[in-house]
Amino acid sequence: MSDDLGMWTDRAKCRLSDSDSFFADGADQSAAKSVCHACPVRTECLAHALDHRIEHGIWGGMTERERRALLRRRPGVASWRRLLDHARIDYERTADCLILAEVEIAARKMSAESP
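Residues numbered from 1 in each chain as written. Predicted model: local features only at pLDDT ≥ 70, side-chain atom pairs only at ≥ 80, totals over all residues. Heavy atoms only, no water.

### Describing the overall build of the protein
Logical step 1: The helix and strand inventory of the protein stands at 5 helices and 0 strands.
Logical step 2: Counting helices and strands in the order they occur from the N terminus, the protein gives α-α-α-α-α.
Logical step 3: For the protein, whose C-alpha radius of gyration is 19 Å, the value lies well above the compact-globule estimate of 13 Å for 115 residues.
Logical step 4: The C-alpha extent of the protein, read off along each of the three principal axes, is 65 × 30 × 25 Å.
Logical step 5: The buried share of the protein, reckoned over its 115 residues, is 30%. (Helix = DSSP H or I, 4+ residues; strand = E, 2+ residues; numbered from the N terminus. Rg over C-alpha atoms; globule rule 2.2 N^0.38 Å. Buried < 20%, exposed > 50% of the residue type's maximum accessible area, 1.4 Å probe, protein only.)

Following this line, the structure appears as structure tokens:
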């Protein structure tokens, strides 16, 4: 779970954007945040900003104000990278279970409808 910038920054959607747009103020921040929504390394980016207490810019879809508020709410977090990685794994496991349940329900329904 190392925080090697080269490992995730090469896959970041923002690498194709004007970097200045991620250090905008006010309403202009929404456009920058929208780039983050479908980014494959959003979690790594956010964890990097939180773990390194980066004060400026949009990181992982959050503004500096949003990150400060999160840090205040969770002052005891030693590693945001570890916490977010575990949360992502739990989320994916839950999503996989839901998909399997839906497949099983559909299969039962199909076999019940078969003559």
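### Quick notes on helix α2 (residues 28–37)
Logical step 1: Every buried residue of α2 is listed here: Q29, A32, K33 and C36. Each buried residue of α2 lies within a common arc of 100° when the element is viewed along its axis, so the set occupies one face. For α2, exposure combined with an orientation more than 90 degrees from the buried face picks out S30, A31 and H37.
Logical step 2: Buried residues along α2 sit in contact with α3 (42–51) and α4 (64–73). (Arc of directions from axis to C-beta. Contact = heavy atoms within 4.5 Å.)

### Things to note about the nonpolar core
Logical step 1: By size, the foremost hydrophobic cluster in this structure holds 9 residues: L46, A47, L50, M62, L70, L71, V77, W80 and L84.
Logical step 2: Of all elements in the fold, only α3, α4 and α5 (80–113) reach the threshold of two or more residues within this core.
Logical step 3: Per-element accounting of this core gives the leading share, 3 residues, to α3.
Logical step 4: Discounting chain neighbours no more than four positions away, the residues touching L71 are L50, R53 and W80. (Core = buried A, V, L, I, M, F, W, Y, C linked by side-chain atoms within 4.5 Å.)

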